[in-house]
Amino acid sequence: MKSGFLEKYEFVNILIFQVLFLRSLWPVSRSKPGIATGSRAGTLSAFIFDGKALVEIMIDVKHKELKKWVKEMAALCKPDKVVLCDGSLAEKKRLEKEAFKTGELIQLNQKKMPGCVYHITAENDVARTEHLTFICTKSKKDAGSTNNWMAPEDAYKKAADIFRGSMKGRTMYVIPFSMGPVGSESSKIGVELTDSIYVVLNMRIMTRMGSKVLDVLGTSGEFTKCLHGKAELDVDKRLILHFPEDNTIWSVGSGYGGNVLLGKKCLSLRIGSYLARKEGWLAEHMLIMGIEDPQGRTTYIAGAFPSACGKTNLAMLVPPKALKNKGYKIWCVGDDIAWMRAKEDGALWAINPEAGFFGVAPGTNMKTNPNAMLSVQKDSIHTNVLLKEDKTVWWEGHDDPAPARGLNWRGRQWHPGMKDENGSAEYGAHPNSRFTAPITNCPVASNKLEDPKGVPISAFLFGGRRAQVAPLVYEAFNWQHGVFVGATMASELTAAQYGALGKVRRDPMAMLPFCGYNMTEYWKHWRSLGDTLMRPPRIFHVNWFNTDKSGKFIWPGFGDNLRVIEWIIRRCRYEVSAVETPIGYMPIPSDIDISGLDITPAKMKQLLNVDKNIWQLELKSQQEFFKQFGKDVPKFILDEHKALEKRINAMG
Ligand code: GTP
Ligand code: SPV
Ligand code: MN
């Protein structure tokens, strides 16, 4: 039985709790929290619903538009309460505790993995759902043929129907975040509203998050409005919507990283690429790394590889003995996204908008990627991996042998060799299971991470998984040819996308799922940006994934990729010559340092082979790909294609 008095009493209790709570979030000097029923101009409010009416607790944030928007979204989603996140450690602890209670998170072994937590997503929610991801521009043409498109009003309506009332019984968290160093002219601010503690804690690692961002936002600063709700986690009621013209993202019905950490792919790439074109810069799906050479000079390169094709591994690689002994060191700036601008010196400077890694777990071990292994031992979130009995984690390809038992990514009791209901192997960890770790955990984190200017880029690497076709490395003849090389990149599908594994798809600049506007306009933007650069990065194509007849990788990959990168940076420094081939400049085999490797000259020849027949098929396949763009394919792309065709046909 609930009397009116009790209801009221409970309600007052919540208010008192909120006031105390919010007071704890805000420096006393800046705020005078109080209770009011109207809105006080110039302040942001946190809201609590008492069932029907909205009651506001005033706190001292001065952005009117932000306040208005939070209020509208809260009215739509109807959370029980709205809480503003400050990004503090106390807040992290409090949220974790709450999530341990509900089972949303499991605390990992704090002796072995301090500050680490474990989470599993719904079974049908383990990768980005590209078929449910839309660019919602007024004109369909602006989204282009590679994107799913929905008219903005339809999209808002469809999603609103799913969002409506979906946060009843839940809390809506308000997360102010900065992509890029707080206050840098290259950075962008977003505010994400979410009903997921998992999202808050991930955003806390992946972005610069909390009160300091609101300070920079001031009273009228621009920000991307990001709304996320889990709703029913139903794949039929899942939509990932981008409204570049409104600087808005709505994501509903998912709890998987790339769909819900809205600062990442949604803001930093889809909205980011749209803004980048408008404002004259580049937002790319690229790792950024510094290579310190034996003379102590650090050369920075950026590389675009499709999802699950090796960015995280490359970004923090450990030099093989031969190169380490020469004096090479690697510094990791970023493993997934690069924002780049031309500066006065005529070079292209890059920042990593993110502050953490959201990396693929399976295959990560002390041999393939020791720096990632060392990064995920503390203050990290482990998602969809196997939970061992001692509350540590395991995944396929881990250093440790598979444990005799554990709880797998589907929440099932698991044992090695287990089969699923169809008789197929049941994994301990999902192939796209991931870790979230702060970059500062990485033993080779660059000291330029907080530099608002970023780092100057000397070379771009493009590459995917190609069993054949692409040799280990080749260099584009010039910027325009390089843009063509990027635009015609291809890879075999991996577990990071929903779809048939192994199928080859063209993935221009590794941006196919992330370019927030018309792809052909994107190519033109790339082309014309080159004209503004006095010192454009040189462009290379690499392929670590050539296979022999038995399907085995020929190149050892991982740390040994530095052997190829050494050639690349020496090219950038005009220290080494090259062979001109129909597809680009290629190394004289002896210029790739393979000391200590079991690579015979015959294998090297295979790795650097350009096969006329295979390339003629490749040219046809590129032509097929262009068809979907009709007359919109830029002339320079067609010119480059024709020129390549001529060179290939002239081969002996
Ligand atoms: P996203 O986070 O999805 O964007 O992926 P990513 O590009 O960062 O890929 P990541 O470095 O996580 O690598 C994905 C998979 O490729 C892992 O299973 C790695 O073990 C494997 N891999 C990475 N680099 C190499 C390599 O040089 N050779 C081979 N054979 N496999 C590699
Ligand atoms: C990718 O798929 O390219 C990722 C992981 O980096 S996600 O955040 O899911 O996009
Ligand atoms: Mn990625």
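Further up the page is the structure itself.
Criteria and cut-off values
Residues numbered from 1 in each chain as written. Chains lettered and ligands numbered in written order. Predicted model: local features only at pLDDT ≥ 70, side-chain atom pairs only at ≥ 80, totals over all residues. Heavy atoms only, no water. Donors = N, O, S within 2.8 Å, 3.2 Å for Na, K, Ca; no water. Buried < 20%, exposed > 50% of the residue type's maximum accessible area, 1.4 Å probe, protein only. Near = heavy atom within 4 Å. Polar contact = N/O pair within 3.5 Å; in protein donor to acceptor, adjacent residues only side chain to side chain. Areas by Shrake-Rupley, 256 points an atom, 1.4 Å probe, with all protein chains shown as cover. Helix = DSSP H or I, 4+ residues; strand = E, 2+ residues; numbered from the N terminus. Nonpolar A, V, L, I, M, F, W, Y, C, P; charged D, E, K, R; others polar. Domains from an automatic or database assignment. Salt bridge = Lys/Arg side-chain N within 4 Å of Asp/Glu carboxyl O. Pairing = 2+ DSSP bridges. Contact = heavy atoms within 4.5 Å. Axes fitted to C-alpha atoms, helices over the stretch in contact; angles between N-to-C directions. Core = buried A, V, L, I, M, F, W, Y, C linked by side-chain atoms within 4.5 Å.

A. Molecular detail of the coordination of the manganese ion (ligand 3). Protein-derived coordination of the manganese ion (ligand 3) comes from Lys265 (NZ), His285 (NE2) and Asp336 (OD), at a distance range of 2.1 to 2.5 Å. Residue class for Lys265 comes out buried when judged on its relative accessible area of 6%. Take Asp336: its relative accessible area is 8%, and that puts it in the buried class.

B. Quick peek at the site of ligand 1. Of all residues adjacent to ligand 1, which total 22 residues, the nearest are Ala308, Lys311, Thr312, Asn313 and Arg434. Between ligand 1 and Thr312 there is a distance of 2.8 Å, counted from an oxygen atom to a backbone nitrogen or oxygen. Contact with the protein chains covers 91% of the free accessible surface of ligand 1, which is 660 Å². Every element with two or more residues in the shell around ligand 1 is listed here: α10 (311–315) and β21 (356–360). In terms of residue count, α10 provides more of the shell around ligand 1 than any other element does, three residues in total. The residue inventory of the shell around ligand 1, partitioned by class, reads ten nonpolar, eight polar and four charged. Structurally, the shell around ligand 1 is a two-domain feature, drawing no fewer than three residues from each of domain 2 (283–355 + 449–649) and domain 3 (357–439).

C. Broad picture of the pattern of salt bridges. With the rule as written, the count across this model stands at 45 salt bridges. Notably, a salt bridge pairs Glu123 with Arg410, separated by 2.9 Å at the nearest N-O pair. Linking Glu123 in the loop between β6 (117–119) and β7 (133–135) with Arg410 in the loop between β25 (406–407) and β26 (413–414), this pair joins segments that are 287 residues apart in sequence. Glu130 is the salt-bridge partner of Arg505, the closest N and O atoms lying 3.0 Å from each other. Placement of the pair is Arg505 in strand β31 (residues 504–506) and Glu130 in the loop between β6 and β7, with a sequence separation of 375 residues. Here the salt bridges share partners, and the residues they tie into one network are Glu123, Arg410, Arg412, Glu421 and Glu426.

D. Up close: the site of ligand 2. Around ligand 2 lies a shell of twelve residues, among which Arg128, Tyr256, Gly258, Lys265 and Ser307 are the nearest. One of the side-chain N or O atoms of Arg128 is found 3.0 Å from an oxygen atom in ligand 2. A distance of 3.3 Å is found between an oxygen atom of ligand 2 and a side-chain nitrogen or oxygen belonging to Asp336. Here ligand 2, which alone exposes 280 Å², has 98% of that area covered by the protein. Grouping the amino acids of the shell around ligand 2 by side-chain chemistry returns four nonpolar, three polar and five charged. Residue assignment places the shell around ligand 2 across two domains, with domain 1 (3–279) and domain 2 (283–355 + 449–649) each supplying three or more.

E. Representation of the sheet that holds β6 in the model. A sheet is described by the order of its strands in space; here five strands give the open sequence β5-β6-β22-β27-β21, paired in mixed fashion. Each edge of the sheet is formed by a strand with only one pairing partner; in this case those strands are β5 (106–107) and β21. Where strand β22 (residues 381–383) and strand β27 (residues 434–438) come together, three bridges link them in antiparallel fashion. Along β27, the bridge assignment pairs Thr383 with Arg434. Against the sheet, helix α6 (residues 197–206) makes contact with β6, β21, β22 and β27, and its axis sits at roughly 115° relative to β21, the strand it touches most.

F. Representation of the nonpolar core in the model. Phe460, Trp523, Trp526 and Ile565 are the most contacted members of the largest nonpolar core, which has 149 residues in total. Per element, the largest residue contribution to this core is eight residues, and it comes from α6. When near neighbours in sequence (up to four residues on either side) are disregarded, Phe460 contacts Met286, Ala302, Met340, Leu348, Trp479, Trp526, Pro537, Arg538, Ile539 and Phe540. With 34 residues, the next largest nonpolar core counts Ala155, Met172, Leu193 and Phe223 among its residues.

G. Looking closely at the environment of Gly218. With respect to the secondary-structure elements, Gly218 resides in the loop between α7 (211–217) and β12 (224–229). Excluding residues within four positions of it along the chain, Gly218 makes contact with Lys62 and His63.

H. Structural view of the pairing of β27. Counting buried positions along β27 yields five of five residues, so the element is predominantly enclosed. Every second residue of β27 is oriented toward a common face, with Arg434, Thr436 and Pro438 on one face and Phe435 and Ala437 on the other, all of them buried.

I. Main features of unusual backbone geometry. Despite not being glycine, Asn384 has its phi angle at roughly 65°, a positive value. Counting through the fold element by element, Asn384 comes out in the loop between β22 and β23 (386–387). You will see that Lys391, though not glycine, has its phi angle at about 60°, which is positive. In this structure, Lys391 sits in the loop between β23 and β24 (393–394). With a relative accessible area of 37%, Lys391 lands in the partly exposed category.

J. Representation of the pairing of strand β17 (residues 298–304) within the structure. With respect to burial, β17 is a largely interior element, six of its seven residues being buried. Both strand β16 (residues 286–292) and β17 contribute to a ladder of seven bridges, which runs antiparallel. Residue Leu287 lies in a different strand from β17, and its bridge partner there is Gly303. Judged from the five bridges that link them, β17 and strand β28 (residues 455–463) form a sheet pairing that is parallel. Within the sheet, the bridge partner assigned to Ala302 lies in β28 and is Phe460.

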